[in-house]
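The residues making up each chain are set out below.
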Amino acid sequence: MPELPDVEGFRKVLESCATDRLIQRVDVRDAGVLHGVSAWRLRDALEGRRFTRPERHGKWLLARTGDGPTLLLHFGMTGRLVCAPPDEAPAPHDRVLFTVGDDRQLRYRDQRKLQGLWLADDDSAVVRLLDRQGPDALSVDRKEFEAALAVRRGRVKTVLTDQSVLAGLGNLLADEILWRARLSPASRASDLTEAERRRLYAHMRRTLRSAVAAGCVPPHNSWLTGHRDDPSPTCPRCGSPLHRSRMAGRSTLWCPRCQ
């Protein structure tokens, strides 16, 4: 599932492919990814405009058009953005194509179609669409982060992946950050000490910086993420067998010795 680092990578794709270029054509090949807007309305709103520098909040990507409407994209489990030549045949899961300029096409590609595209006519509509999102995990300051955790009685893994608390962290990142911070995913967020919350914040920042630079949560051998798919995974730090469980419906991996 795309998490914050992946969506930051998609933001860079959109920026390099389409920023300040004329949107000549919008081709909706599958209206099933559109939410609250018809294919006709999307074309009418965007054709003839230009995307300005895109923004990201958590797992959401915002493609503004100056004083015009804003296109909001969410990638669900299998979505991505691709920049391709207009004469290249679309892939089977290319759902919406934006021809920008004469030689580029921005493509929203998504196999499972669990999320998709929204259109906000103005800033107030953007705010309404993102109303349930917490602060962005990459930009939240330490005091706000600590305050959010201190009042949450749920397990810290569940709290970290709750987008209304903190926007952008998914399953892989939460497990990686907790492993680095040496905290059990089953710990109650409100029971963490001040020192533990500070340590968790510091490791979240470091992990996110590395993952954003890689454009994903990298499966390095020195990362917990690099061992998720091992038949008998062991901790890359201490060598102990890793444990698996499910928390709030999510597969969770951790080291019972380190955490």
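Residues numbered from 1 in each chain as written. Predicted model: local features only at pLDDT ≥ 70, side-chain atom pairs only at ≥ 80, totals over all residues. Heavy atoms only, no water.

- Under an unreviewed UniProt entry, the name given to the chain is Fpg/Nei family DNA glycosylase, and the organism recorded is Streptomyces scabichelini.
- Word for word, the UniProt comment on the chain under Cofactor (unreviewed entry) is "Zn(2+)".
- Under the heading Sequence similarities (unreviewed entry), UniProt records this for the chain: "Belongs to the FPG family." (UniProt positions renumbered as here; feature names shortened; annotations may be inferred.)

Examining helix α1 (residues 4-18)
Next, step 1: End to end, α1 covers 21 Å across 15 residues, agreeing with the expected 21 Å (1.5 Å per residue, within 8%).
Next, step 2: Listed in full, the buried residues belonging to α1 are L4, P5, D6, V7, E8, F10, R11, L14, C17 and A18.
Next, step 3: With its phi angle positive at about 65°, D20 sits one or two positions after the end of α1. (Helix = DSSP H or I, 4+ residues; strand = E, 2+ residues; numbered from the N terminus. Expected span 1.5 Å × (residues − 1). Buried < 20%, exposed > 50% of the residue type's maximum accessible area, 1.4 Å probe, protein only.)

Let's talk about the packing of aromatic side chains
Next, step 1: Using the criterion set out here, one finds 5 aromatic pairs in the structure.
Next, step 2: On the numbers, 5.8 Å between centres and 35° between planes, the contact of F75 with Y108 is tilted. With F75 in the loop between β5 (70-74) and β6 (79-84) and Y108 in strand β8 (residues 104-110), this residue pair connects regions lying 33 residues apart in the sequence.
Next, step 3: In this structure F75 comes out as buried when scored by relative accessible area, which is 1%.
Next, step 4: A network of ring pairs unites the aromatic residues F10, F75 and Y108 as a single cluster.
Next, step 5: R180 extends its terminal NZ or CZ atom over the ring of W223, reaching a point 4.0 Å from the ring centre. (Phe/Tyr/Trp six-rings, centres within 6.5 Å; stacked < 30°, edge-to-face > 60°. Lys NZ or Arg CZ within 6 Å of the ring centre and 35° of its normal.)

A look at the packing of helix α4 (residues 142-150) against helix α7 (residues 194-214)
Next, step 1: Contact geometry of α4 with α7 gives a least axis separation of 10 Å together with a crossing angle of 125°. Taken as axis vectors, α4 and α7 run oblique relative to one another. Pair α4 / α7 crosses with right-handed handedness. Mapping the contact onto sequence places R142, F145, E146, L149 and A150 in α4 and E194, R197, R198, L200, Y201 and M204 in α7.
Next, step 2: Of the residues that constitute the contact of α4 with α7, the class distribution is 6 nonpolar, no polar and 5 charged. (Axes fitted to C-alpha atoms, helices over the stretch in contact; angles between N-to-C directions. Parallel < 35°, antiparallel > 145°, perpendicular 65-115°, else oblique. Left-handed = near helix turned anticlockwise from the far one by under 90°. Contact = heavy atoms within 4.5 Å. Nonpolar A, V, L, I, M, F, W, Y, C, P; charged D, E, K, R; others polar.)

A short note on the environment of P2
Next, step 1: Counting through the fold element by element, P2 comes out in the segment before α1.
Next, step 2: Residues P2 and K59, spaced 57 residues apart in sequence, show a C-alpha to C-alpha distance of 7.6 Å.
Next, step 3: Not counting residues within four places of it along the chain, the set of residues in contact with P2 comprises V7, F10, K59, F75, G76, M77, T78 and G79.

Re the sheet that holds strand β7 (residues 94-100)
Next, step 1: Read across the sheet, 4 strands follow the order β1-β7-β8-β6 without closing on themselves; strand pairing throughout is antiparallel. Sheet topology places β1 (23-28) and β6 at the edges, where each strand pairs with a single neighbour. The average angle at which neighbouring strand axes cross in this sheet is 15°, direction not considered.
Next, step 2: Judged from the 6 bridges that link them, β6 and β8 form a sheet pairing that is antiparallel. Looking across to β8, one finds that L81 is bridged to Y108.
Next, step 3: Its contacts with the sheet put α1 on β6, β7 and β8, and the angle it makes with β6 is roughly 25°.
Next, step 4: Sheet strands touched by helix α2 (residues 39-46): β1 and β7. Its angle to β1, the strand with the most contacts, is close to 170°. (Pairing = 2+ DSSP bridges.)

What to know about α7
Next, step 1: With 21 residues, α7 should reach 30 Å at 1.5 Å per residue; the first-to-last C-alpha distance of 30 Å fits that figure.
Next, step 2: Restricting attention to buried positions, one finds in α7 the residues R197, L200, Y201, H203, M204, T207, L208, A211 and V212.
Next, step 3: Backbone geometry just downstream of α7 places G215 in the positive-phi region, at approximately 80°.

Remarks on the sheet that holds β5
Next, step 1: If you trace the 5 strands from one edge of the open sheet to the other, you get β2-β9-β5-β4-β3, paired in mixed fashion. The sheet terminates laterally at β2 (34-35) and β3 (55-57), the two strands that pair on one side only.
Next, step 2: Relative to strand β9 (residues 116-120), β5 is paired through 5 bridges, and the arrangement is antiparallel. Across the sheet, the residue bridging to L73 is L117, located in β9.
Next, step 3: Across the sheet, α1 is in contact with β3, β4 (60-64) and β5; its angle to β4 comes to roughly 20°.
Next, step 4: Packed on one face of the sheet, α2 meets β2, β5 and β9 and runs near 55° to β9.

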